Amino acid sequence: NSSTHQTTTTTTTRRFRLNAERGVHFISLFLKTRLFVGCFVALSSSKRIIIVIVLMGKRSTVAYSSEDFIKKRHKKDDNDTKTDDDKSALKTYYCTCCSNPVLITDCNLFSLPRRRKDGSIILDRTKYVCRLRAKRERDNKTTAIRRDNGKSIEKQTRYYCGDVPVCYECNDESVKLYVLDGALRSFEKARKAGTNGKEKGNTTREVVELLPVPPCIRRGKGGKKLIISVRVIDRQEKCSVMDISAEKVSISATKKADAKELLEREVLEFLSETLKCRVAQLSVLVNDEEDDGVAVTKEIACDVGESMSPETVFRALEKSRAAAAS
């Protein structure tokens with residue numbers, strides 16, 4: 001029995017050594033070729049699925065568990081939600097002179113630090129979104145300005161909205177954008193300030209005079225016609241101005257959107273009465289652009305020449321809105 005046990009032990013030892021030598025040879029072969037060795041799936045004692053990937057080329061082992069996958073998925077969902085919030089937080093700032101959109105950013109521009117030398121707002125492009133629609137100075141020219149009583153010279157690369165400078169870059173540094181003091185404005189902020197003024201006891205006329213003209217009311221090419229971007233909400237109790245934003249003037253109408261001609265006629269007659277002009281002076285340029293299934297967007301032109309300005313049109317529409325809201 002002892003001899004039989006000894007023979008069995010010897011045989012087992014030989015098999016173990018042979019298998020070990022084969023395993024070493026197998027591993028050394030893949031080490032030389034630097035190939036992917038394998039992927040092993042096992043179930044741990046805590047009933048978690050463990051996937052072990054061995055890369056012999058980099059000679060490293062990376063382990064992923066089912067919990068890691070869930071955490072990674074939740075983290076991705078959080079990042080997607082953050083991206084949607086960032087998009088919704090974008091603000092548009094308009095030129096003070098012509099009301100054209102100049103800058104889109106995700107920060108409150110007027111809360112940023114200012115430069116002591118000229119009061120310009122400092123916008124750090126590495127921290128905030130900066131989409132600039134102003135045009136750079138022709139031929140990339142720079143403007144030299146003396147600072148510190150002539151002891152130093154500052155080179156500015158300026159950006160223009162039309163012929164008006166609105167911001168600049170200093171000394172060929174593109175990281176920071178300097179917005180000139182008073183060059184841009186926010187329609188929403190000014191509107192909120194006007195509402196606060198009404199709460200303080202100012203009359204409706206005084207509040208309207210404080211509000212800037214929104215970009216949705218502007219002069220067309222050539223300056224003869226005034227363009228009004230209108231959002232028409234159909235099937236309402238009466239025709240009135242519901243709201244005025246930077247993008248559109250929201251007007252309610254009693255007709256259905258399916259009855260296109262009747263709806264247009266109702267809106268044009270209402271604007272004719274509000275703006276004190278003839279219906280023949282009003283025309284629809286862009287029609288039936290679907291907005292959100294509830295309203296349609298229209299571009300309405302007012303052929304009034306120079307007898308009526310965007311300020312006059314806005315004051316009349318705002319007065320009508322305030323009367324309908326009261």
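Above this text you will find the structure in question.
A few points on the structure.

Calculation notes
Residues numbered from 1 in each chain as written. Predicted model: local features only at pLDDT ≥ 70, side-chain atom pairs only at ≥ 80, totals over all residues. Heavy atoms only, no water. Phe/Tyr/Trp six-rings, centres within 6.5 Å; stacked < 30°, edge-to-face > 60°. Helix = DSSP H or I, 4+ residues; strand = E, 2+ residues; numbered from the N terminus. Buried < 20%, exposed > 50% of the residue type's maximum accessible area, 1.4 Å probe, protein only. Lys NZ or Arg CZ within 6 Å of the ring centre and 35° of its normal. Salt bridge = Lys/Arg side-chain N within 4 Å of Asp/Glu carboxyl O. Contact = heavy atoms within 4.5 Å. Polar contact = N/O pair within 3.5 Å; in protein donor to acceptor, adjacent residues only side chain to side chain.

All right, on to the packing of aromatic side chains then. A complete count under the given rule lists two aromatic pairs for this structure. Considering the side-chain rings of Tyr93 and Phe110, the 5.6 Å spacing of their centres and the 75° angle between planes classify their relative orientation as edge-to-face. On the criterion of sequence distance, the pair formed by Tyr93 in strand E4 (residues 91–95) and Phe110 in the loop between strand E5 (101–105) and strand E6 (121–124) is long-range, its members being 17 residues apart. A relative accessible area of 25% means that Phe110 is categorised as partly exposed. Ring geometry for Tyr168 and Tyr178: centres 5.3 Å apart, planes at 15°, overall stacked. Within this pair, whereas Tyr168 is found in strand E11 (residues 164–170), its partner Tyr178 is found in strand E12 (residues 173–179), the two being separated by 10 residues in sequence. In this structure, Arg115 packs its charged tip against the face of Tyr178, placed 5.1 Å from the ring centre.

This part covers the pattern of salt bridges. Summed over the entire model, instances satisfying the criterion amount to 10 salt bridges. Note that Arg115 and Glu154 form a salt bridge whose closest N and O atoms lie 2.3 Å from each other. Taken together, the positions of Arg115 in the loop between E5 and E6 and Glu154 in strand E10 (residues 152–161) put the pair 39 residues apart, joining distant regions of the chain. Neither residue differs from the other here; Arg115 and Glu154 are each classed as buried. When salt bridges that share partners are traced, they join Arg115, Asp118, Arg147 and Glu154 into one network.

The next thing to look at is the environment of Arg114. Tracing the backbone shows Arg114 in the loop between E5 and E6. Residue classification places Arg114 among the partly exposed positions, given a relative accessible area of 39%. For the pair Arg114 and Tyr178, spaced 64 residues apart in the sequence, the C-alpha separation amounts to 8.6 Å. Those residues within four positions of Arg114 in sequence are excluded, and the remaining contacts are Gly119, Ser120, Ile121, Ile122 and Asp181. A polar contact is formed between the side chain of Arg114 and the backbone oxygen of Gly119, at a distance of 2.9 Å. Reaching out from Arg114, the side chain makes a polar contact with the side chain of Asp181 at a distance of 3.2 Å.

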